[in-house]
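Descriptive structure summary
The primary structure of each chain is shown beneath.
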Amino acid sequence: MHFLTVDDLTPTELDSVLTSARDLKGDYAGTPLADRSLAMLFEKASTRTRVSFEVGMTKLGGHAVFLGKEDIQLGRGEPVKDTARALACYADAVMARVDDHETLETLAAYSSIPVVNGLSDEAHPVQTLADLLTVEEVVGDDASVAWVGDGNNVAASFTVGAAMRGHDVTVATPAEYALDDGVFDRASDYPGTVTATTDPEEAVAGADVVYTDVWVSMGDEDEREQRLDALQPYQVNEELLAGTDAKVMHCLPAHRGEEITEDVLEGERSLVWRQAENRMHGQNGLLVQLV
Ligand code: CP
Ligand code: NVA
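Residues numbered from 1 in each chain as written. Chains lettered and ligands numbered in written order. Predicted model: local features only at pLDDT ≥ 70, side-chain atom pairs only at ≥ 80, totals over all residues. Heavy atoms only, no water.

**Structural notes on the site of ligand 2**
Where we set the bar: Nearness is defined per residue: one heavy atom within 4 Å of the molecule or strand is enough. Pairs of N or O atoms within 3.5 Å make up the polar contacts considered here, provided that, within protein, one atom can donate a hydrogen while the other can accept it, and that residues adjacent in sequence are counted only when both atoms are side-chain atoms. Shrake-Rupley sampling with a 1.4 Å probe provides the accessible areas, and residues are treated as covered by the protein chains on show and by no other component. Buriedness for pockets is judged along seven lines, at least five of which must meet protein on both sides within 12 Å for an open set on the 1 Å grid over protein atoms alone, while cavities are sets there where a 1.4 Å probe fits but cannot get out, and lining residues have an atom within 4 Å of a point. Think of it this way: if more than half of a molecule's atoms are within 2 Å of a pocket's grid points, that molecule is in the pocket or cavity. Only Asp, Glu, Lys and Arg are considered charged in this grouping, and only Ala, Val, Leu, Ile, Met, Phe, Trp, Tyr, Cys and Pro are considered nonpolar; every other residue, Gly among them, is considered polar.
L119, N152, N153, D213, V214, S217, M218 and L252 make up every residue found near ligand 2. Contact between ligand 2 and M218: an oxygen atom at 2.8 Å from a main-chain N or O atom of the residue. Within the complex, 94% of the 270 Å² of free accessible area of ligand 2 lies under protein. Of all the cavities here, the one that holds ligand 2 is the largest pocket. The residue makeup of the shell around ligand 2, split by class, is 4 nonpolar, 3 polar and 1 charged.

This is the structure in structure tokens:
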């Protein structure tokens, strides 16, 4: 079984992963992945994903191998399908951060071991595990959540994952940077109600948690100026949040002064360091179920 999108899991499987994550967070005494190895393939930069998977594997009694694309034969033209089969000769699972989601699908098609998406242009499902743990720890199972900003990879996974958990979600994006219709279609299969709007104030009203991410994701750099112009009204700042008790999430890294202000990111509403810590626990919950 692979984990390329959050809804590769059923809601019951997602619940098992989150339960494992909570159990591990409370007690890392055992070594459930003793003698198991995770190959970690990166086509793009990472701080949290790289370190949380590597340290997480160590905490579970296993081992992680970092593979930067330019350091392995993939960077010299070895096909993805051959890389997939070579890694399966040695490792017990692969985590990959890729430019193009199709690369993950090729890895999965040729891999006899689980492939985990560590971020693609379309999805960031391991981030969603941490986000759901965080929302449910701080607010509870009945939390209402809002996404404000770019309808990007993190937004897509969070929207579907939150709907799977029964959270009502309001997604506020400019029309030109909206989530794909396919994301709303997938989310509509689940109990949480998903509402799309272009009005950030509508999204924030009544939300327990307001979530944002960078306006220029890795790979979108050529569109920087247009994106900054279109997304300016979606900055998460105290003016937008005034009159609410909403907490604020951000997957990090953050661009202070763009999608979020320094005072909000560093203030009492902010859950960002809890989210960052939960990356490791969420992923470990997944790994003990998958590997
Ligand atoms: N949130 C996240 O995936 O961070 P990194 O890019 O540092 O891994
Ligand atoms: N949306 C961002 C997330 C980084 C963790 C990106 O894809 O660059």
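**Focus: the packing of aromatic side chains**
Counted only if it meets this: Only rings of Phe, Tyr and Trp enter the pairing, Trp through its six-membered ring, and a pair is recorded when the two centres are within 6.5 Å. The plane angle decides the type: under 30 degrees is stacked, over 60 is edge-to-face, the rest tilted. Only DSSP runs of H or I covering at least 4 residues are called helices, and only runs of E covering at least 2 are called strands; the numbering of each starts at the N terminus. Note on exposure labels: buried denotes an accessible area under 20% of the residue type's maximum, exposed denotes more than 50%, and partly exposed covers the range between, all computed with a 1.4 Å probe on protein chains only. Throughout this description, the term charge over a ring refers to an Arg CZ or Lys NZ atom that lies within 6 Å of the ring centre and within 35 degrees of the ring normal.
A full pass over the atoms with the stated rule returns 3 aromatic pairs. With 4.8 Å between their ring centres and 80 degrees between their planes, F158 and Y211 make a pair best called edge-to-face. Residue F158 is located in helix 6 (residues 153-164), and its partner Y211 is located in strand 8 (residues 209-212); the two are separated by 53 residues in the primary sequence. You'll find F158 and Y211 in the same group, each marked buried. Across from the ring centre of F66, 3.5 Å away, lies the NZ or CZ of R50, which sits over that ring.

**Remarks on the side chain of N278**
We apply this condition: The contact definition used throughout considers only heavy atoms, calling two residues in contact when any of these lie within 4.5 Å.
The topology assignment puts N278 in helix 12 (residues 272-290). Owing to a relative accessible area of 0%, N278 belongs among the buried residues under this scheme. With near-sequence residues (within four places) excluded, N278 lies in contact with K25, A130, L133, T134 and E137.

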